[in-house]
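# Results of the structural survey
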Amino acid sequence: GQNIDQPTEMTATEGAIVQINCTYQTSGFNGLFWYQQHAGEAPTFLSYNVLDGLEEKGRFSSFLSRSKGYSYLLLKELQMKDSASYLCAVRDLGGAGNKLTFGGGTRVLVKP
Amino acid sequence: AAGVIQSPRHLIKEKRETATLKCYPIPRHDTVYWYQQGPGQDPQFLISFYEKMQSDKGSIPDRFSAQQFSDYHSELNMSSLELGDSALYFCASSLDWESSYNEQFFGPGTRLTVL
(Lines give C-alpha, C1' and ligand atoms only; values in the text may rest on other atoms or scores of the structure.)
Protein backbone atom coordinates (compact mmCIF):
# COMPACT_ATOMS: atom_id res chain seq x y z
CA GLY A 1 0.00 0.00 0.00
CA GLN A 2 0.87 3.66 -0.04
CA ASN A 3 1.28 6.15 2.80
CA ILE A 4 1.59 9.75 1.69
CA ASP A 5 2.04 12.73 3.99
CA GLN A 6 1.91 16.42 3.26
CA PRO A 7 1.14 19.45 5.44
CA THR A 8 -2.50 20.32 5.82
CA GLU A 9 -2.25 24.04 5.26
CA MET A 10 0.23 26.78 4.38
CA THR A 11 -0.09 30.54 4.14
CA ALA A 12 2.12 32.80 2.06
CA THR A 13 2.19 36.32 0.70
CA GLU A 14 1.61 37.33 -2.89
CA GLY A 15 4.92 37.39 -4.77
CA ALA A 16 6.63 35.07 -2.32
CA ILE A 17 7.81 31.48 -2.67
CA VAL A 18 6.22 28.47 -1.00
CA GLN A 19 7.54 24.92 -0.80
CA ILE A 20 5.13 22.06 -0.20
CA ASN A 21 6.76 18.86 1.01
CA CYS A 22 5.47 15.36 0.42
CA THR A 23 6.85 12.18 1.92
CA TYR A 24 5.73 8.75 0.89
CA GLN A 25 6.18 5.12 1.80
CA THR A 26 5.16 2.79 -0.96
CA SER A 27 5.12 -0.86 -1.83
CA GLY A 28 5.66 0.10 -5.47
CA PHE A 29 6.61 3.33 -7.17
CA ASN A 30 6.14 4.43 -10.74
CA GLY A 31 6.16 8.18 -10.54
CA LEU A 32 4.93 11.06 -8.45
CA PHE A 33 2.45 13.66 -9.63
CA TRP A 34 1.47 17.05 -8.30
CA TYR A 35 -2.05 18.31 -8.97
CA GLN A 36 -3.70 21.63 -8.18
CA GLN A 37 -7.33 21.59 -7.11
CA HIS A 38 -9.60 24.56 -6.51
CA ALA A 39 -12.56 23.89 -4.24
CA GLY A 40 -15.25 21.86 -5.97
CA GLU A 41 -13.27 21.58 -9.19
CA ALA A 42 -11.28 18.83 -10.84
CA PRO A 43 -7.60 18.31 -10.04
CA THR A 44 -5.39 19.75 -12.77
CA PHE A 45 -1.96 18.37 -13.57
CA LEU A 46 1.06 20.41 -12.53
CA SER A 47 4.11 18.17 -12.68
CA TYR A 48 5.47 14.64 -12.87
CA ASN A 49 8.69 13.14 -11.50
CA VAL A 50 9.86 9.57 -11.92
CA LEU A 51 13.64 10.10 -11.73
CA ASP A 52 15.53 11.93 -9.01
CA GLY A 53 16.01 15.61 -9.52
CA LEU A 54 14.25 18.83 -10.28
CA GLU A 55 11.63 19.42 -12.96
CA GLU A 56 10.94 23.06 -13.73
CA LYS A 57 7.82 24.32 -15.41
CA GLY A 58 7.40 28.06 -15.36
CA ARG A 59 6.61 29.27 -11.86
CA PHE A 60 6.26 25.70 -10.62
CA SER A 61 9.09 23.25 -9.92
CA SER A 62 8.99 19.78 -8.46
CA PHE A 63 11.77 17.75 -6.93
CA LEU A 64 12.03 14.04 -6.22
CA SER A 65 14.37 11.89 -4.14
CA ARG A 66 13.37 8.25 -4.48
CA SER A 67 15.86 7.03 -1.88
CA LYS A 68 14.35 9.37 0.69
CA GLY A 69 10.74 8.94 -0.40
CA TYR A 70 10.50 12.69 -0.65
CA SER A 71 9.22 15.27 -3.07
CA TYR A 72 8.47 18.95 -2.96
CA LEU A 73 6.53 21.38 -5.09
CA LEU A 74 7.92 24.89 -5.29
CA LEU A 75 5.61 27.72 -6.21
CA LYS A 76 7.37 30.95 -7.12
CA GLU A 77 6.08 34.49 -7.58
CA LEU A 78 2.84 33.54 -5.88
CA GLN A 79 -0.36 34.97 -7.26
CA MET A 80 -3.75 35.20 -5.60
CA LYS A 81 -5.10 32.62 -8.06
CA ASP A 82 -2.60 30.10 -6.66
CA SER A 83 -4.78 29.79 -3.56
CA ALA A 84 -5.87 26.17 -3.88
CA SER A 85 -5.19 22.68 -2.61
CA TYR A 86 -2.08 20.96 -3.91
CA LEU A 87 -2.25 17.19 -4.08
CA CYS A 88 0.77 14.91 -4.08
CA ALA A 89 -0.07 11.60 -5.75
CA VAL A 90 2.00 8.46 -6.16
CA ARG A 91 1.43 6.04 -9.00
CA ASP A 92 2.12 2.40 -8.41
CA LEU A 93 2.01 -0.70 -10.49
CA GLY A 94 -0.51 -2.46 -8.33
CA GLY A 95 -2.76 -4.81 -10.24
CA ALA A 96 -2.67 -4.13 -13.94
CA GLY A 97 -3.36 -0.43 -13.75
CA ASN A 98 -1.68 2.82 -12.90
CA LYS A 99 -3.93 4.15 -10.22
CA LEU A 100 -2.96 7.23 -8.24
CA THR A 101 -2.90 7.33 -4.48
CA PHE A 102 -3.31 10.87 -3.23
CA GLY A 103 -2.00 12.51 -0.11
CA GLY A 104 -4.41 14.55 1.95
CA GLY A 105 -3.63 17.71 0.03
CA THR A 106 -2.11 20.97 1.20
CA ARG A 107 -4.34 24.03 1.24
CA VAL A 108 -2.32 27.07 0.25
CA LEU A 109 -3.72 30.47 1.08
CA VAL A 110 -2.09 33.41 -0.69
CA LYS A 111 -2.55 36.74 1.07
CA PRO A 112 -2.08 40.17 -0.48
CA ALA B 1 -8.71 20.85 -26.77
CA ALA B 2 -11.28 18.25 -25.85
CA GLY B 3 -11.46 17.34 -22.19
CA VAL B 4 -13.02 14.60 -20.14
CA ILE B 5 -16.80 14.96 -20.01
CA GLN B 6 -18.88 13.79 -17.11
CA SER B 7 -22.63 13.73 -16.78
CA PRO B 8 -24.62 14.68 -14.94
CA ARG B 9 -22.71 17.43 -13.15
CA HIS B 10 -25.05 17.34 -10.19
CA LEU B 11 -27.29 14.55 -8.98
CA ILE B 12 -29.60 14.35 -6.02
CA LYS B 13 -30.92 10.97 -4.92
CA GLU B 14 -32.72 9.48 -1.96
CA LYS B 15 -31.33 6.70 0.21
CA ARG B 16 -31.64 3.23 -1.33
CA GLU B 17 -32.07 4.65 -4.83
CA THR B 18 -29.72 3.96 -7.71
CA ALA B 19 -27.55 6.33 -9.70
CA THR B 20 -25.61 6.10 -12.94
CA LEU B 21 -22.68 8.38 -13.62
CA LYS B 22 -21.23 8.69 -17.10
CA CYS B 23 -17.76 9.54 -18.29
CA TYR B 24 -16.56 10.32 -21.79
CA PRO B 25 -12.75 10.23 -21.97
CA ILE B 26 -10.58 12.43 -24.11
CA PRO B 27 -10.63 11.07 -27.69
CA ARG B 28 -8.04 8.33 -28.26
CA HIS B 29 -7.53 7.80 -24.54
CA ASP B 30 -7.83 4.12 -23.75
CA THR B 31 -7.83 4.13 -19.95
CA VAL B 32 -10.49 5.43 -17.59
CA TYR B 33 -10.23 5.84 -13.84
CA TRP B 34 -12.95 6.59 -11.28
CA TYR B 35 -12.23 8.44 -8.04
CA GLN B 36 -14.46 9.40 -5.12
CA GLN B 37 -13.75 12.55 -3.14
CA GLY B 38 -15.65 13.16 0.08
CA PRO B 39 -15.92 16.63 1.63
CA GLY B 40 -12.50 17.84 2.73
CA GLN B 41 -10.85 14.59 1.67
CA ASP B 42 -8.46 13.60 -1.07
CA PRO B 43 -9.65 11.60 -4.07
CA GLN B 44 -9.85 7.86 -3.42
CA PHE B 45 -9.37 5.46 -6.31
CA LEU B 46 -12.36 3.25 -7.06
CA ILE B 47 -11.75 1.36 -10.28
CA SER B 48 -10.07 1.62 -13.67
CA PHE B 49 -10.49 0.20 -17.15
CA TYR B 50 -8.04 -0.30 -19.99
CA GLU B 51 -9.33 -1.19 -23.41
CA LYS B 52 -12.76 -2.02 -21.98
CA MET B 53 -11.38 -4.46 -19.42
CA GLN B 54 -11.15 -3.77 -15.71
CA SER B 55 -7.48 -3.08 -14.98
CA ASP B 56 -7.46 -2.28 -11.27
CA LYS B 57 -9.81 -2.09 -8.36
CA GLY B 58 -9.61 0.05 -5.27
CA SER B 59 -11.96 0.81 -2.44
CA ILE B 60 -15.14 0.38 -4.46
CA PRO B 61 -18.15 -0.92 -2.49
CA ASP B 62 -19.87 -4.06 -3.72
CA ARG B 63 -22.98 -1.92 -4.28
CA PHE B 64 -21.12 -0.13 -7.07
CA SER B 65 -20.25 -1.51 -10.46
CA ALA B 66 -18.69 0.00 -13.53
CA GLN B 67 -17.88 -0.83 -17.10
CA GLN B 68 -16.24 0.65 -20.16
CA PHE B 69 -18.06 0.41 -23.45
CA SER B 70 -16.89 -0.11 -27.02
CA ASP B 71 -16.74 3.66 -27.60
CA TYR B 72 -14.53 3.92 -24.47
CA HIS B 73 -17.06 5.81 -22.41
CA SER B 74 -17.55 4.46 -18.92
CA GLU B 75 -20.46 4.28 -16.51
CA LEU B 76 -20.40 3.94 -12.75
CA ASN B 77 -23.55 2.34 -11.41
CA MET B 78 -24.37 2.86 -7.77
CA SER B 79 -27.17 0.99 -6.04
CA SER B 80 -28.73 1.07 -2.56
CA LEU B 81 -27.35 4.55 -2.08
CA GLU B 82 -26.31 5.56 1.41
CA LEU B 83 -25.83 9.00 2.92
CA GLY B 84 -22.08 8.36 2.99
CA ASP B 85 -22.02 8.06 -0.79
CA SER B 86 -22.49 11.81 -1.05
CA ALA B 87 -19.29 13.00 -2.68
CA LEU B 88 -17.66 14.33 -5.81
CA TYR B 89 -17.03 11.56 -8.31
CA PHE B 90 -14.23 12.22 -10.74
CA CYS B 91 -13.45 10.37 -13.88
CA ALA B 92 -9.96 10.63 -15.33
CA SER B 93 -8.58 9.35 -18.61
CA SER B 94 -5.13 8.66 -19.96
CA LEU B 95 -3.50 7.31 -23.07
CA ASP B 96 -1.55 4.08 -23.20
CA TRP B 97 -1.20 2.95 -19.62
CA GLU B 98 1.96 1.09 -20.54
CA SER B 99 3.85 4.29 -21.16
CA SER B 100 5.94 5.73 -18.39
CA TYR B 101 4.19 9.09 -18.33
CA ASN B 102 0.47 8.71 -19.04
CA GLU B 103 -0.78 11.72 -17.14
CA GLN B 104 -4.34 11.38 -15.95
CA PHE B 105 -6.67 14.15 -17.08
CA PHE B 106 -9.59 14.69 -14.75
CA GLY B 107 -13.14 15.53 -15.70
CA PRO B 108 -15.15 18.23 -13.90
CA GLY B 109 -16.76 15.69 -11.61
CA THR B 110 -20.30 14.70 -10.70
CA ARG B 111 -21.50 15.96 -7.35
CA LEU B 112 -23.79 13.32 -5.87
CA THR B 113 -25.97 14.24 -2.92
CA VAL B 114 -27.86 11.47 -1.15
CA LEU B 115 -30.74 12.65 1.03
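Heads up: the structure comes first, above all this text.
Figured I'd write up the structure that's included with this text. (Residues numbered from 1 in each chain as written. Chains lettered and ligands numbered in written order. Predicted model: local features only at pLDDT ≥ 70, side-chain atom pairs only at ≥ 80, totals over all residues. Heavy atoms only, no water.)

## Description of the overall build of chain A
This is how it is decided: Helix and strand definitions here come from DSSP, where helices need a minimum of 4 consecutive H or I residues and strands a minimum of 2 consecutive E residues; each element is numbered from the N-terminal end. Within these notes, the globule rule equals 2.2 Å times the number of residues to the 0.38 power, and the radius of gyration is based on C-alpha atoms. Note on exposure labels: buried denotes an accessible area under 20% of the residue type's maximum, exposed denotes more than 50%, and partly exposed covers the range between, all computed with a 1.4 Å probe on protein chains only.
Along its length, chain A carries 0 helices and 11 strands. For chain A, the succession of helices and strands along the chain, N to C, is β-β-β-β-β-β-β-β-β-β-β. What you see for chain A is a C-alpha radius of gyration of 14 Å, in line with the 13 Å of a compact globule of 112 residues. By its C-alpha atoms, chain A is 45 × 30 × 20 Å across when sized along the principal axes. In chain A, buried positions account for 49% of the 112 residues.

## A short note on the sheet that holds strand E7 (residues 64-68) of chain B
All names here are of chain B. Here is the rule: Pairing between two strands is assigned when DSSP locates at least 2 bridges connecting them. Simply put, an axis is a line fit to the C-alpha atoms, just over the touching stretch for a helix, and the angle between two N-to-C directions goes from 0 to 180 degrees.
The antiparallel open sheet is built from 4 strands, whose spatial order is E1-E3-E8-E7. Single-partner strands in this sheet number two, and they are strand E1 (5-7) and E7. Along the sheet, successive strands turn relative to each other by an average axial angle of 15 degrees, direction set aside.

## A few points about the layout of surface pockets
Test applied: A pocket, in this scheme, is an open set of points on a 1 Å grid over the protein atoms alone with protein on both sides within 12 Å along at least 5 of 7 lines, while a cavity is a set where a 1.4 Å probe fits but cannot get out; residues line either one if an atom lies within 4 Å of a point. Grid points are joined across faces, edges and corners, and a volume is the space filled by probe spheres set on the points. All amino acids are sorted into three groups, where Ala, Val, Leu, Ile, Met, Phe, Trp, Tyr, Cys and Pro are nonpolar, Asp, Glu, Lys and Arg are charged, and the leftover types, Gly among them, are polar.
Quantified by volume, the largest pocket comes out at close to 560 Å³. Ala39 and Ser85 of chain A together with Gln37, Gly40 and Gln41 of chain B are the residues nearest the centre of the largest pocket, which is lined by 29 residues in total. For the lining of the largest pocket, the elements supplying multiple residues, two or more each, are strand E2 (9-13), strand E9 (84-91) and strand E11 (106-111) of chain A together with strand E9 (87-94) and strand E11 (110-114) of chain B. Broken down by element, the residue count for the lining of the largest pocket peaks at 4 residues, all from E11 of chain A. Considered class by class, the residues forming the lining of the largest pocket number 9 nonpolar, 16 polar and 4 charged.

## Comments concerning the interface of chain A and chain B
The following threshold applies: Here, two residues are considered to be in contact whenever any of their heavy atoms come within 4.5 Å of each other. Buried surface area refers to the total accessible area, computed with a probe of radius 1.4 Å, that the two partners give up upon joining, counted for both partners together. For salt bridges, the criterion is a side-chain nitrogen of Lys or Arg within 4 Å of an Asp or Glu carboxyl oxygen. The definition of a polar contact used here is a pair of N or O atoms within 3.5 Å, where within protein one atom must be able to donate a hydrogen and the other to accept one, and adjacent residues in sequence count solely through side-chain atom pairs.
Counting residues at the interface gives 21 residues for chain A and 20 residues for chain B. Note on chain A versus chain B: buried area summed over both sides is about 1800 Å², and carbon and sulfur give 54% of it. There are 1 salt bridge connecting chain A and chain B. The residue aspartate 56 of chain B makes a salt bridge to lysine 99 of chain A at a minimum N-O spacing of 3.4 Å. Viewed at the interface, chain B and chain A are joined by 4 residue pairs in polar contact (both at pLDDT 80 or more). Elements that contribute at least two residues to the side of chain A that touches chain B include exactly strand E4 (32-37), strand E5 (44-49), E9 and strand E10 (100-102) of chain A. A total of 3 residues in the side of chain A that touches chain B trace back to one element, the largest contributor, which is E4 of chain A.

## Some words on the pattern of salt bridges
Residues and elements named next belong to chain B. One pass over the full model with this rule turns up 8 salt bridges over all chains. A salt bridge links aspartate 85 to arginine 63, with the nearest nitrogen and oxygen atoms 2.9 Å apart. Here the residue aspartate 85 occupies a position in the loop between strand E8 (74-78) and E9, and arginine 63 occupies one in the loop between strand E6 (53-57) and E7, the gap between them amounting to 22 residues. Where salt bridges share partners, they join Arg63, Glu82 and Asp85 into one cluster.

## Description of the environment of serine 59 of chain B
All names here are of chain B. Checked against the element boundaries, serine 59 lands in the loop between E6 and E7. The exposure class of serine 59 is partly exposed, given its relative accessible area of 49%. Separated by 14 residues in the primary sequence, serine 59 and phenylalanine 45 have C-alpha atoms spaced 6.6 Å apart. Residues within four places of serine 59 in sequence aside, it is in contact with Gln44, Phe45 and Leu46.

## Comments concerning the pairing of E7 of chain B
Both faces of the sheet carry side chains from a regular strand, because those side chains alternate between them. All names here are of chain B. Only one face of E7 is covered, namely the face carrying Phe64, Ala66 and Gln68; the face carrying Ser65 and Gln67 is uncovered. Bridge analysis of E7 against E8 gives 5 bridges, and the strand direction is antiparallel. Residue pairing across strands places phenylalanine 64 opposite methionine 78, the latter belonging to E8. Between E7 and the antiparallel strand that follows it, E8, lie 5 residues; tyrosine 72 among them carries a positive phi value of about 75 degrees.

## A look at the nonpolar core
Nonpolar side chains in soluble globular proteins tend to be buried together. Residue and element names in this part refer to chain B. Selection rule: Within this scheme, the nonpolar core is defined by two criteria: the residues are buried Ala, Val, Leu, Ile, Met, Phe, Trp, Tyr or Cys, and they are joined through side-chain atoms within 4.5 Å.
Leu21, Trp34, Leu76, Met78 and Tyr89 are the most contacted members of the largest nonpolar core, which totals 22 residues. Counting only elements with at least two residues in this core, the list comes to strand E3 (19-24), strand E4 (31-37), strand E5 (44-50), E7, E8, E9 and E11. In this structure leucine 76 touches Ala19, Thr20, Leu21, Trp34, Leu46, Ile60, Phe64, Ser65, Ala66 and Tyr89, once residues within four positions along its chain are discounted.

## Re the state of the cysteines
Spelled out, the test is: Sulfur atoms of two cysteines make up a disulfide when they are within 2.5 Å.
Following the criterion strictly, the structure yields 2 disulfides over all chains and no others. Between the sulfur atoms of cysteine 22 of chain A and its disulfide partner cysteine 88 of chain A the distance amounts to 2.0 Å. Its torsion about the S-S bond being -65 degrees, the disulfide of cysteine 22 of chain A and cysteine 88 of chain A is classed as left-handed. Of this pair, cysteine 22 of chain A sits in strand E3 (residues 18-26) while cysteine 88 of chain A sits in strand E9, and the two are 66 residues apart along the sequence. Relative accessible area serves as the criterion here: at 0%, cysteine 88 of chain A is assigned to the buried category. With a sulfur-sulfur separation of 1.8 Å, cysteine 23 of chain B is cross-linked through a disulfide to cysteine 91 of chain B.

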